[in-house]
Amino acid sequence: MNKGIAIYPGSFDPPTNGHLDLIQRGSKMFEELVVAILRNSEKSPMFSVAERLEMLRALTADLKNVRIDTFNGLMVEYAKSIDAVCILRGIRAISDYEYELQMALMNRKLEPTLETVFMMPADKYSYVSSRLVREVAQAGGPVKGLVPEVVEQKLREKLDPAYKFHDANIVEAAEGDKNRKAPDKKRKRKA
Ligand code: PNS
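Here the structure is a predicted model, which means the values were calculated and not measured.

A.B. asks: It is not clear to me how the pattern of salt bridges should be interpreted in this structure. Could you clarify?
C.D. replies: Close approach of charged atoms allows side chains of opposite charge to pair. According to the stated counting rule, one finds 12 salt bridges in the structure shown. A salt bridge links arginine 92 to aspartate 96; the shortest N-O distance between them is 2.9 Å. With relative accessibility at 34%, the residue arginine 92 sits in the partly exposed group. The partner of arginine 156 in a salt bridge is glutamate 152, with the nearest N and O atoms 3.1 Å apart. In this pair, arginine 156 and glutamate 152 are both assigned in helix 6 (residues 149–179), 4 residues apart and thus about one turn of the helix distant. Classification of arginine 156 by relative accessible area gives partly exposed; the value is 40%. Overlapping salt bridges bring together Lys144, Glu152 and Arg156 as one network.

A.B. asks: Help me understand the nonpolar core in this model?
C.D. replies: Side chains that are nonpolar tend, in soluble globular proteins, to be buried together. Membership of the largest hydrophobic core comes to 17 residues, with the highest contact counts inside it found for Tyr8, Ile23 and Val35. With 4 residues, the top contributor of residues to this core is strand 2 (residues 30–38). Beyond its immediate sequence surroundings of up to four residues, isoleucine 23 is in contact with Tyr8, Leu33, Val35, Leu56, Thr60, Leu63 and Val66. Within the second largest apolar cluster, 16 residues are counted, among which are Leu59, Val147, Val151 and Leu159.

A.B. asks: What exactly am I supposed to notice about the site of the ligand here?
C.D. replies: Lining the immediate environment of the ligand, one finds 14 residues, of which Ser11, Lys43, Met75, Arg89 and Met103 sit closest. Note that an oxygen atom of the ligand is positioned 2.5 Å from one of the side-chain N or O atoms of serine 11. Between methionine 75 and the ligand, the recorded distance is 2.8 Å, taken from a backbone N or O atom to an oxygen atom. Look at the ligand: alone it shows 540 Å² of surface, and the protein chains cover 76% of it. Counting only elements with at least two residues in the shell around the ligand, the list comes to strand 1 (2–10) and helix 4 (94–110). Of the residues belonging to the shell around the ligand, the class tally is 8 nonpolar, 4 polar and 2 charged.

A.B. asks: Explain the sheet that holds strand 5 (residues 115–119) to me, please; I cannot follow it from the model alone.
C.D. replies: The pairing of strands in a sheet happens through backbone hydrogen bonds and is either parallel or antiparallel. With parallel pairing, 5 strands are arranged side by side in an open sheet as 3-2-1-4-5. Because the sheet does not close on itself, it has two edges, and the strands there are strand 3 (66–71) and strand 5. For this sheet, the mean inter-axis angle between neighbouring strands, taken without regard to orientation, is 30 degrees. Sheet topology note: the strand 4 (residues 84–90)/strand 5 ladder contains 5 bridges and is parallel. Opposite glycine 90, over in strand 5, you have methionine 119 as the bridge partner. Against the sheet, helix 2 (residues 49–59) makes contact with strand 2 and strand 3, and its axis sits at roughly 155 degrees relative to strand 2, the strand it touches most.

A.B. asks: How do you make sense of the side chain of lysine 154 when you look at a structure like this?
C.D. replies: Locating lysine 154 in the fold gives a position in helix 6. Using a relative accessible area of 18% as the deciding quantity, one classes lysine 154 as buried. With near-sequence residues (within four places) excluded, lysine 154 lies in contact with Phe47, Glu54 and Met55.

A.B. asks: Help me understand a nonpolar patch on the surface, please; the structure alone is not making it clear to me.
C.D. replies: Nonpolar side chains collect at one region of the surface, where Ile94, Tyr97, Leu101, Leu105 and Phe118 lie side by side and expose about 470 Å² of accessible area between them. Take leucine 101: it is sitting in helix 4. Of the residues examined, leucine 101 reaches a relative accessible area of 32% and is grouped as partly exposed.

A.B. asks: Is there a simple way to think about the pairing of strand 1 in this case?
C.D. replies: In summary, the side chains of a regular strand alternate between the two faces of the sheet. With 7 bridges connecting them, strand 1 and strand 2 associate as parallel partners. Bridge pairing links alanine 6 to leucine 33 in strand 2. Following the chain from strand 1 across helix 1 (residues 17–29) to the adjacent parallel strand 2, one finds a crossover that is right-handed. Taken together, the 3 bridges between strand 1 and strand 4 define a ladder with parallel strand orientation. If you follow alanine 6 over to strand 4, its bridge partner there is cysteine 86.

About the criteria used
- Each chain carries its own residue numbering, running from 1 in the written order of its sequence.
- Owing to the predicted nature of the model, reporting of local features is limited to residues with pLDDT of at least 70; listing and counting of side-chain atom pairs is limited to 80 or more, with chain, interface and lining totals taken over all residues.
- The side-chain values count all of the structure's non-hydrogen atoms but skip hydrogen atoms and water molecules.
- The working definition used for a salt bridge is a side-chain nitrogen of Lys or Arg within 4 Å of a carboxyl oxygen of Asp or Glu.
- The classification of residues rests on relative accessible area computed with a 1.4 Å probe and restricted to protein chains. Under 20% of the type maximum is buried, over 50% is exposed, and intermediate values are partly exposed.
- A run of H or I in DSSP becomes a helix once it reaches four residues, and a run of E becomes a strand once it reaches two; helices and strands are each numbered from the N terminus.
- We define a nonpolar core as any set of buried Ala, Val, Leu, Ile, Met, Phe, Trp, Tyr and Cys residues linked to one another through side-chain atoms lying within 4.5 Å.
- In this analysis, two residues are considered to be in contact whenever any of their non-hydrogen atoms come within 4.5 Å of each other.
- Proximity is defined per residue: if any heavy atom of the residue lies within 4 Å of a molecule or strand, that residue is considered near it.
- What qualifies as a polar contact is a pair of N or O atoms within 3.5 Å, subject to a donor-acceptor requirement within protein and to the restriction that residues adjacent in sequence count only when both atoms come from side chains.
- We get accessible surface area from the Shrake-Rupley algorithm with a probe of 1.4 Å; when it comes to residues, only the shown protein chains can shield them.
- Residues are grouped as follows: Ala, Val, Leu, Ile, Met, Phe, Trp, Tyr, Cys and Pro are nonpolar; Asp, Glu, Lys and Arg are charged; all remaining types, including Gly, are polar.
- Strand pairing is assigned whenever DSSP detects at least two bridges linking the two strands.
- Fitted lines through C-alpha atoms give the axes, limited to the stretch in contact for helices. The angle between two N-to-C directions lies from 0 to 180 degrees.
- For patches, a residue must show more than 30% relative accessible area and have no salt bridge; joins then use 9 Å for like charges and 5 Å for nonpolar side chains, namely Val, Leu, Ile, Met, Phe, Trp and Tyr.
- Orient the strands so they point away from the viewer; a crossover is then right-handed if the path from the first strand over the helix to the second runs clockwise.

In structure tokens:
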């Protein structure tokens, strides 16, 4: 167990089983792990910061050395403000490496005292990303096993009204077809 605080920053929109796997591994490695949700992301998120905070808190309730927080602006500034000594990031595949290396080196340039540590989630989550989970869920596909149940439920709650609306339109259209009067043969003009 490493002494001091480590920070695991990210968007977590939504948290996946891969994130949770990394949090569990990180909590065994560090004295304290702060999972930090970026507040000022340029992307338009699916879940509000408050929703992500709530989900992550529920998911980590049993991990006593894990705290969930949010941050704005430069991550290294926030890390310094909470006396973190380490940044934790997950690498799933070689394709993650280039972006992560660039970010780690930039963060080192900004704050040389902060080390970045990379960890791998379980290989069964190596293809799981928040973006793909959102894409699959939005298209009505199953996300069971990719995200924790709490998140699966939240996705359902968020997306169900759209499906209901969609279903209602289909029913309405079908009813409309049924009720539409068949052309009155008698009224047909003789050619
Ligand atoms: O989960 P993500 O979206 O890959 O996380 C990216 C995140 C939030 C870690 C990164 O974008 C970040 O730290 N943003 C805060 C702004 C900042 O410090 N930028 C310089 C990073 S090199």
